[in-house]
Amino acid sequence: MIEVIAKDLRSGVEALGNMIAEASTIVPFTGAGISTECGIPDFRSPGGVWTRNRPIPFDEFVASADARDEAWRRRFAMEPTFAHAKPGRGHRALASFYRAGKTPAIITQNIDNLHQMSGFAADDVIELHGNTTYARCIGCGKAYELSWVKQRFEQSGAPDCTDCADPIKTATISFGQAMPEDAMRRATELAQHCDLFLAIGSSLVVWPAAGFPMMAQNCGARLVIINNEPTEQDEIADLVIRHDIGETLGPFVGN
Ligand SMILES: [Zn+2]
């Protein structure tokens, strides 16, 4: 039995509370687990969307109009889920740290926009996998509202950019697409300049994103991992809380 695993929720919350009180710069890193209580499915989980629908790789999206139509059909099928999701207790707790000036910015693997909705300025949400609540031209980067894309899609299939005629895609990072350089650079800086790094709701297996917790710890930060399931990096953490994220972070909402 590793000492750092909280023996129950109460002792975990207490230990976390002490670390938060002692920290001057808290950097949260979030994955799908923080959004499941908001009704957003974990795409990678067993039985999740990606095990039923193979994700469409970027090169296929670029090469094939049929693939683009299929990608947009799937996205619009998910629209009720994304459009109605509201920030959960985890999002609200992290937004409290942000409002209190303890959290300069947040790193996320999520594409659901819920950190922005909870009160983070868009510039302070470092999205490693992009954002699915709007679209961009893959050529010139022009942004589009999904409602505009949907209207065009229903008339004549997946639309192209009105400026440069390249395909329009959700503003997410697809498989086979390069990681966003600016987001990676900012995430690296954040991980290197904090004294408490909170890895929340991620199994910490997807690289390079999963490298940030270790990077933070190597630079002197304490590392806390909050996840329902064991993660790849529990062994190096200073505290592991294997409980529901909403219940674990609920006590910190409004602090
Ligand atoms: Zn364009």
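Residues numbered from 1 in each chain as written. Predicted model: local features only at pLDDT ≥ 70, side-chain atom pairs only at ≥ 80, totals over all residues. Heavy atoms only, no water.

A.B. asks: Looking at this model, I keep getting lost on the coordination of the zinc ion. Mind explaining?
C.D. replies: Metal coordination angles in their ideal form are 109.5 degrees for the four-donor tetrahedron and 90 or 180 degrees for the six-donor octahedron. Surrounding the zinc ion are the protein donor atoms Cys137 (SG), Cys140 (SG), Cys161 (SG) and Cys164 (SG), which sit 2.3 Å from the metal. Around the zinc ion sit 4 donor atoms; with metal-centred angles ranging over 94 to 120°, the donor geometry is tetrahedral. When the donor residues of the zinc ion are listed from N- to C-terminus, their spacing reads C-x2-C-x20-C-x2-C. A residue is classified by how much of its surface remains accessible, and Cys164, at 33% relative accessible area, is partly exposed. (Donors = N, O, S within 2.8 Å, 3.2 Å for Na, K, Ca; no water. Tetrahedral: all angles 85-135°; square planar, octahedral: opposite > 155°, others 65-115°. Buried < 20%, exposed > 50% of the residue type's maximum accessible area, 1.4 Å probe, protein only.)

A.B. asks: Can you walk me through the sheet that holds strand E4 (residues 130–137) in this structure?
C.D. replies: The pairing of strands in a sheet comes from backbone hydrogen bonds and takes either a parallel or an antiparallel form. The antiparallel open sheet is built from 3 strands, whose spatial order is E5-E4-E6. On the outer flanks of this sheet lie strand E5 (143–144) and strand E6 (168–172), each paired with one strand and no other. Strand contacts of helix H4 (residues 65–77): E4 and E6, with the helix running at about 50° to E6, the strand carrying the most contacts. The strands touched by helix H8 (residues 146–156) are E4, E5 and E6; relative to E4, the strand with the most contacts, the crossing angle is about 60°. (Pairing = 2+ DSSP bridges. Helix = DSSP H or I, 4+ residues; strand = E, 2+ residues; numbered from the N terminus. Contact = heavy atoms within 4.5 Å. Axes fitted to C-alpha atoms, helices over the stretch in contact; angles between N-to-C directions.)

A.B. asks: Before we go on, may I ask you to explain the environment of Lys7 in this structure?
C.D. replies: Structurally, Lys7 is set in the segment before helix H1 (9–22). In sequence terms Lys7 and Phe82 are 75 residues apart; their C-alpha atoms lie 35 Å from each other.

A.B. asks: Before we go on, may I ask you to explain the side chain of Thr30 in this structure?
C.D. replies: Note on placement: Thr30 falls in strand E1 (residues 26–30). Within polar-contact distance, the side chain of Thr30 engages the side chain of Thr108 at 2.7 Å. Thr30 has contacts with Leu94, Ile106, Ile107, Thr108, Gln109, Asn110, His115 and Ile200, leaving out every residue within four places of it along the chain. (Polar contact = N/O pair within 3.5 Å; in protein donor to acceptor, adjacent residues only side chain to side chain.)

A.B. asks: Got a minute to help me understand unusual backbone geometry in this structure?
C.D. replies: As a rule of thumb, non-glycine residues mostly have phi less than zero, and peptide bonds are mostly trans rather than cis. Non-glycine residue Asn113 carries a positive phi angle of around 70°. As for its position among the elements, Asn113 is in the loop between strand E2 (106–108) and helix H7 (114–118). Notably, Ala165 is not glycine yet its phi reads approximately 70°, a positive angle. With respect to the helices, strands and loops of the structure, Ala165 is situated in the loop between H8 and E6.

A.B. asks: So what exactly am I meant to see when it comes to the nonpolar core here?
C.D. replies: Across soluble globular proteins, nonpolar side chains have a tendency to be buried as a group. In this structure, Leu16 and Leu198 are the most contacted members of the largest nonpolar core, which totals 26 residues. Broken down by secondary-structure element, the contributors of at least two residues to this core are H1, helix H6 (89–99), strand E7 (196–200), strand E8 (222–226), strand E9 (239–241) and helix H11 (245–249). Among the elements that take part in this core, H6 stands out by supplying 5 residues, more than any other. In this structure, Leu198 is in contact with Leu16, Ile26, Val27, Pro28, Phe29, Leu94, Phe97 and Val224, ignoring residues within four places of it in sequence. With 25 residues, the next largest nonpolar core counts Ala187, Ala209, Ala221 and Val240 among its residues. (Core = buried A, V, L, I, M, F, W, Y, C linked by side-chain atoms within 4.5 Å.)

A.B. asks: It is not clear to me how the side chain of His115 should be interpreted in this structure. Could you clarify?
C.D. replies: Of note, His115 is situated in helix H7. If near-sequence neighbours (up to four positions away) are discounted, His115 is found in contact with Thr30, Ile34, His91, Leu94, Ile106, Thr108, Phe120 and Val125.

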